[in-house]
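Observations on the model geometry
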Amino acid sequence: MIKGGNEITKEEFQAYREVQDSGMYNMFSPDAARAAGLDKETFLVIIKNYSELKEKFENEENKEED
């Protein structure tokens, strides 16, 4: 999941998830991106690739627990 030549980081994905989990925003709203502290491009890349990113970062967390 590339944005402007860079990978989405775990921290960016976690920021997205925190806003999502809060339930305070429609996740397609620019307000949600601002609340997460993410630029529009990064936010849209996360939305478009959510399932893959979730799996990637959950797998990393599981490996750390082992």
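**Quick look at helix H3 (residues 40–48)**
Of the positions making up H3, those classed as buried are Thr42, Phe43, Val45 and Ile46. For H3, the angular spread of the buried residues around the axis is 160 degrees, confining them to a single face. Away from the buried face of H3 by more than 90 degrees, exposed residues Lys40 and Lys48 are located. The distance from a side-chain oxygen at the start of H3 to the backbone nitrogen of Glu41 is 3.1 Å, and the residue carrying that oxygen is Asp39.

**Quick look at helix H1 (residues 10–22)**
With 13 residues, H1 should cover 18 Å at 1.5 Å per step; its first-to-last C-alpha distance of 18 Å lies within 8% of that length. Restricting attention to buried positions, one finds in H1 the residues Lys10, Glu12, Phe13, Ala15, Tyr16 and Val19. At the C-terminal side of H1, Gly23 shows a positive phi close to 70 degrees.

**Regarding the pattern of salt bridges**
One pass over the full model with this rule turns up four salt bridges. Between Arg17 and Asp21 there is a salt bridge; the shortest N-O distance is 3.7 Å. One end of the pair, Arg17, and the other, Asp21, are both in helix H1, four residues apart, so they sit about a helical turn from each other. We classify Arg17 as partly exposed; its relative accessible area is 23%. Residues Lys54 and Glu58 are paired through a salt bridge, measuring 3.6 Å at the closest nitrogen-oxygen approach.

Conventions adopted
- Residues numbered from 1 in each chain as written.
- Predicted model: local features only at pLDDT ≥ 70, side-chain atom pairs only at ≥ 80, totals over all residues.
- Heavy atoms only, no water.
- Buried < 20%, exposed > 50% of the residue type's maximum accessible area, 1.4 Å probe, protein only.
- Helix = DSSP H or I, 4+ residues; strand = E, 2+ residues; numbered from the N terminus.
- Arc of directions from axis to C-beta.
- Polar contact = N/O pair within 3.5 Å; in protein donor to acceptor, adjacent residues only side chain to side chain.
- Expected span 1.5 Å × (residues − 1).
- Salt bridge = Lys/Arg side-chain N within 4 Å of Asp/Glu carboxyl O.

Function-wise, these values are silent; they only describe arrangement.
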